[in-house]
Amino acid sequence: MAPSEGKASTKKSEKSKAGHSRSDKQGVFTGPSEAKQEVQDEDDTEGDVYPRTHVCVPKVLAVVRKHQQINRLTGSFFRYLTFIAVYIAVVTVQRDAEVTQSTQTAIKNYMMAGWRDPDNLTIKNFMDVRTVPEFWDFLSNFNGNLMQQSYADGEAIAPQFSNTLLQHNRLTGNYRLLQRRVKGKECTFWETKYSLFFPRCYGRAYIEGLIGDVDMEEFVGSDGVTKYKYEERDQGSELVGKDHGFFIDFGVDSAANAAAIADLRSNRWINEGTSWVRADFVVYNSNVGLFVAVMMKIEFDPSGVTIPEYYTEAIASTTYSTWTDFIRLAGEILTVVFFLFYLIANAHRAIAAAREAEDVWAYFKDMDNNLVVLQLLFFVVIFALMGAMLQNGSRQGLQVSTESILTATGKPPNFSGLALLSQIYFIVNGLNVFIALIKTMGFMRINANLSQLTDTIALMASDLLQFAMVLAVLVLAFMLMAHSMFGTSLRNFSNITDAAVSTIEFLMGNGDFFALSEADPIAAPIFYFPFVFVMIFVVLNITIAIIMDGYERMRDNREQMKTSHLKALAEKPFFTQVREYLLDLFSFAQAVMPQEWKEIKTESGVTLDRFAAPKADEVVSLLVCIEEDDIDGSCLPIEVLKKKLGNFQTTEERIEAIFDRFDGWTDPNKNNFSGDETVSDRVAPNITQLRDSVLQVLKEQALLESKVAVLLKAFPA
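Residues numbered from 1 in each chain as written. Predicted model: local features only at pLDDT ≥ 70, side-chain atom pairs only at ≥ 80, totals over all residues. Heavy atoms only, no water.

1. A word on the sheet that holds strand β24 (residues 665-666)
Phase 1 of the analysis: The antiparallel open sheet is built from 3 strands, whose spatial order is β23-β1-β24. The open sheet terminates on both sides in strands that have one partner only, identified here as β23 (636-637) and β24. (Pairing = 2+ DSSP bridges. Helix = DSSP H or I, 4+ residues; strand = E, 2+ residues; numbered from the N terminus.)

Put into structure tokens, the structure is as follows:
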């Protein structure tokens, strides 16, 4: 670059006086030769300073290609981050967790109000139900609490406000009971002689009484007259099927319901064949626009144990009615659009990979791509579930009056199907967010400072996975040991699933030795102390050691990177990288940018125009011919390179700007560059030279000793 094209000193004192010089069309603010000379004079200059006579083409290509890779990854990261941010915002608004949780908690606290057991005068609530009589006591109390028909002062509530819980949640009409039963059979699977003592046996049903020895036959109450029939009722969606069992519908009059409950109790509606019972109702809160479906379930196990479960699900009364709903709708549409772009982009990548490798499955051989495919499948499931919820007919056709909200058939609203879809929908969304987190961690590779966790996991993954097999075997052994010792005494170890969870809790330090000791004082120390020694003192510490080993290797790699040709990338802060990316992205607004934003300070001390300086794609297209022609460019005279690139549409100044920007000047008297060069590679020649010198000294010493021995032999003392 000729001096007439503009000189500007790089010394701080001169820069402060002269200010910023104007950029020429080659993208260079400071004349390279003058700047380089001044840099050599500065005391605070970092890095090596080479004469501007030779360049290292492989180094520049390696750096530029790394820049290209990082730039592509950075662009993909910001696009993906935008997509996921919109998606998570939409799901968060859909969930409306704070309002939903407060409403459901208020109703749960109310429904868990206790009653006094008439036999022992203790206070119990629904979760304390252990026997059939306790269930009927609960239901009687439940009916009184639910059918609110007077204020606290005893004044009757007007009909249009009756049956309102906590002042704001009104029962939509009535509540109901649902029972599912199992078949009775002869006790032939034990020894026949015991059947004489207890001849009645019943099967077992699973998944809320839906699978197993399910009994659909009508049965007769203890009065010998009342018959109870098996029914199937619509749940508003064909996707979730029918709700079926033995239904009992109650009315809106508390006294009539109390009489009906007494009749069911006397007729032994719940008996030996009962496997599962649900009491459910729906309330509506107009302040938050929510229906809350409440389901209080009890499993009657053939062993005699009862397992109560309380479940609620909030359902929006309308889908899109307020301005906030339409903002959410816009976000949902935007999410679908982003998804389609995401799908098309990855489809193009899959096709390109297949063509390049001539292998249809080439795209799927990369684990990152498999993660993308998995997430795309999750999004398809999410959209399908959302469509099913929108098409669900539970909210359509409801008959609203001053006294109730009922279906067209006069039944209470049944949101169990919609509640199930909603539950599955948000579970799948949770899994999808977890996948997004993993993928986002993968994007941390755009910066060496951000990728510490990702790189550590990658380096330790193989060792950790292999050790995980040992860990799994040990956990399984202690789990079976605990199941064998305490399974009959503690519910936490009564089945394999609970035993596995409890063993992991012990591993995390949440185990209770005294609970084990109460169950079996002899077995407790036999299990507990070996477990603590092996799993906590040994296994966990080995796991931590494997993780630390991966971390140390990651740190070593970073230190090597800082002494390699990628030093600038290794030391670049993430926010500086983001700033540079955004400046390039908004280059169309460079006219209004401050002058310092337009400058690039190179390692050689040259100041370049960010927007006019050679870009990575241009550099590769120019210099790749050196590779293709098999020319040794590790220490190539700049004049030779200029002649080589003479046929290209570029200038000598722009060629020099390439090596200024990417620190490509080299010393012809030093070793040539190797793209995979590390600290060890640089030290290796010196070690070899030192070893040869030591061997030569030893060889000369041996020769001298042999001569001394000859002399001593010739001239003995």
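Having put the structure on the table, let's press on.
2. Digging into unusual backbone geometry
Phase 1 of the analysis: One non-glycine residue with positive phi stands out, namely Q167, at about 75 degrees.
Phase 2 of the analysis: You can see Q167 is positioned in the loop between β4 (164-165) and β5 (169-171).
Phase 3 of the analysis: Positive phi, normally seen in glycine, also occurs at E208, with a value near 60 degrees.
Phase 4 of the analysis: As for its position among the elements, E208 is in the loop between β9 (205-206) and β10 (211-212).

3. A look at the pattern of salt bridges
Phase 1 of the analysis: In this structure the tally under the stated criterion is 29 salt bridges.
Phase 2 of the analysis: Put simply, R95 and E313 hold a salt bridge, and the shortest N to O gap is 3.4 Å. Residue R95 is found in helix α3 (residues 57-95), and its partner E313 is found in strand β18 (residues 306-316); the two are separated by 218 residues along the sequence.
Phase 3 of the analysis: Residue D325 pairs with R328 through a salt bridge whose shortest N-O separation is 3.2 Å. Of the two residues, D325 and R328 both sit in helix α8 (residues 323-357), 3 residues apart, roughly one turn of that helix.
Phase 4 of the analysis: A residue is classified by how much of its surface remains accessible, and D325, at 13% relative accessible area, is buried.
Phase 5 of the analysis: A relative accessible area of 15% means that R328 is categorised as buried.
Phase 6 of the analysis: It is possible to trace a salt-bridge network through shared partners that takes in R52, E639, K642, E652, E656 and D660. (Salt bridge = Lys/Arg side-chain N within 4 Å of Asp/Glu carboxyl O. Buried < 20%, exposed > 50% of the residue type's maximum accessible area, 1.4 Å probe, protein only.)

4. Here's the deal with the nonpolar core
Phase 1 of the analysis: Within the largest apolar cluster, 43 residues are counted, with the highest numbers of intra-cluster contacts made by F291, F415 and Y425.
Phase 2 of the analysis: For this core, the elements supplying multiple residues, two or more each, are α3, β17 (290-300), β18, α8, α9 (367-391), α10 (416-443) and α16 (574-585).
Phase 3 of the analysis: With 10 residues, α9 is the largest single contributor of residues to this core.
Phase 4 of the analysis: Apart from residues lying up to four places away in sequence, F415 is in contact with V282, F291, A293, I315, S394, R395 and L398.
Phase 5 of the analysis: Counting 40 residues, the second largest nonpolar core, distinct from the first, contains L139, F219, L264 and F281. (Core = buried A, V, L, I, M, F, W, Y, C linked by side-chain atoms within 4.5 Å. Contact = heavy atoms within 4.5 Å.)

5. Points about the packing of aromatic side chains
Phase 1 of the analysis: Counted according to the given criterion, the structure contains 44 aromatic pairs.
Phase 2 of the analysis: An angle of 20 degrees between the planes, with centres 4.5 Å apart, marks the rings of Y175 and F250 as stacked. Linking Y175 in the loop between β5 and β6 (176-182) with F250 in the loop between β15 (242-249) and α7 (254-266), this pair joins segments that are 75 residues apart in sequence.
Phase 3 of the analysis: Judged by relative accessible area, Y175 falls into the buried class, the value being 0%.
Phase 4 of the analysis: The exposure class of F250 is buried, given its relative accessible area of 3%.
Phase 5 of the analysis: On the basis of an interplanar angle of 55 degrees and a centroid distance of 5.0 Å, the ring pair of F513 and Y528 is categorised as tilted. With F513 in helix α13 (residues 513-519) and Y528 in helix α14 (residues 523-562), this pair connects stretches of sequence that are 15 residues apart.
Phase 6 of the analysis: Put simply, the rings of F77, F78, Y80, F83, Y87, F338, F339, Y342, F379, F383, F443 and Y581 pair up and form one aromatic cluster. (Phe/Tyr/Trp six-rings, centres within 6.5 Å; stacked < 30°, edge-to-face > 60°.)

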